[in-house]
Amino acid sequence: MPFSHDMVYSLATAVDLVNTPPADMEELAAFVLRRKVSGVEFLNPGDLAEVRALASAFHDVFTAPDDPVAIDRLNTLLGRTRITPRLTQHDGFPLHVHYFAPGASLAEHLAADCGVALAHVLVEGERDRLRTCSAPDCSHVFVDESRNRSRVYCDSRTCGNRMHVAAYRARRRA
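First, a word on what this report is: a plain description of the structure on this page. (Residues numbered from 1 in each chain as written. Predicted model: local features only at pLDDT ≥ 70, side-chain atom pairs only at ≥ 80, totals over all residues. Heavy atoms only, no water.)

In a regular helix each residue adds 1.5 Å, so 13 residues correspond to 18 Å; helix H4 (residues 67-79) covers 18 Å between its end C-alpha atoms and thus fits that length. Looking only at H4, the buried set comprises Ala-70, Leu-74, Leu-77 and Leu-78. Across the axial projection of H4, the buried residues extend over an arc of 95°, all falling on one side. Seen from the open side of H4, the exposed residues pointing more than 90 degrees away from its buried face are Pro-68 and Gly-79. For H4, the secondary structure elements touched by its buried residues are helix H3 (45-62), strand S1 (83-88) and helix H5 (106-123). Two or three places before Val-69, at the start of H4, stands the capping residue Asp-66, its side-chain oxygen 3.0 Å from that residue's backbone nitrogen. (Helix = DSSP H or I, 4+ residues; strand = E, 2+ residues; numbered from the N terminus. Expected span 1.5 Å × (residues − 1). Buried < 20%, exposed > 50% of the residue type's maximum accessible area, 1.4 Å probe, protein only. Arc of directions from axis to C-beta. Contact = heavy atoms within 4.5 Å. Polar contact = N/O pair within 3.5 Å; in protein donor to acceptor, adjacent residues only side chain to side chain.)

So, in structure tokens, the structure goes:
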């Protein structure tokens, strides 16, 4: 995919949020640290509810049945976000653009940065790279960054390996 490091990072952050939405303040704080979300001075219980709602909204974009629905869902999300692009360098990352407004809440910060990354995926005509795992017992989302767009599992080491072993065993029984 021809996206810059910060776009790929923002997409991975959106995926992480959708797949593991924080259940409590401790998990929310761990998410902020794990994803190196900059500019977050403190968290409050309202942040938890807003971030959980954002995870659901991102999930709806990933699972949209077609482009117009995905575009409408993302436009709705971005329409509620103050976007103020600015160049920045921090935490060892190369120069990149932040889209969240100064003083934005955590949810608005994530909605702006991750939402713009998702918007670029849609603008580039790459919505088919936003996928849901093909394993029958998994509902995780992922961004297929493979050159030939062939990835079908959220994680080849867990879901992919499990499904390949199951297929092998089924062939051996037959």
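That was the structure; now back to the text.
Here we come to H3. The first and last C-alpha atoms of H3 sit 26 Å apart over 18 residues, in line with the 26 Å expected at 1.5 Å per residue. Those residues of H3 lying buried are Asp-47, Leu-48, Val-51, Leu-54, Ala-55, Ala-57, Phe-58, Val-61 and Phe-62. Where H3 is buried, its residues touch helix H1 (5-19), helix H2 (25-34), H4, H5, strand S3 (130-132) and strand S4 (141-143). For H3, the capping residue at the N-terminal end is Asn-44, with a side-chain oxygen 2.8 Å from the backbone nitrogen of Gly-46.

In short, geometric facts, not functional conclusions.
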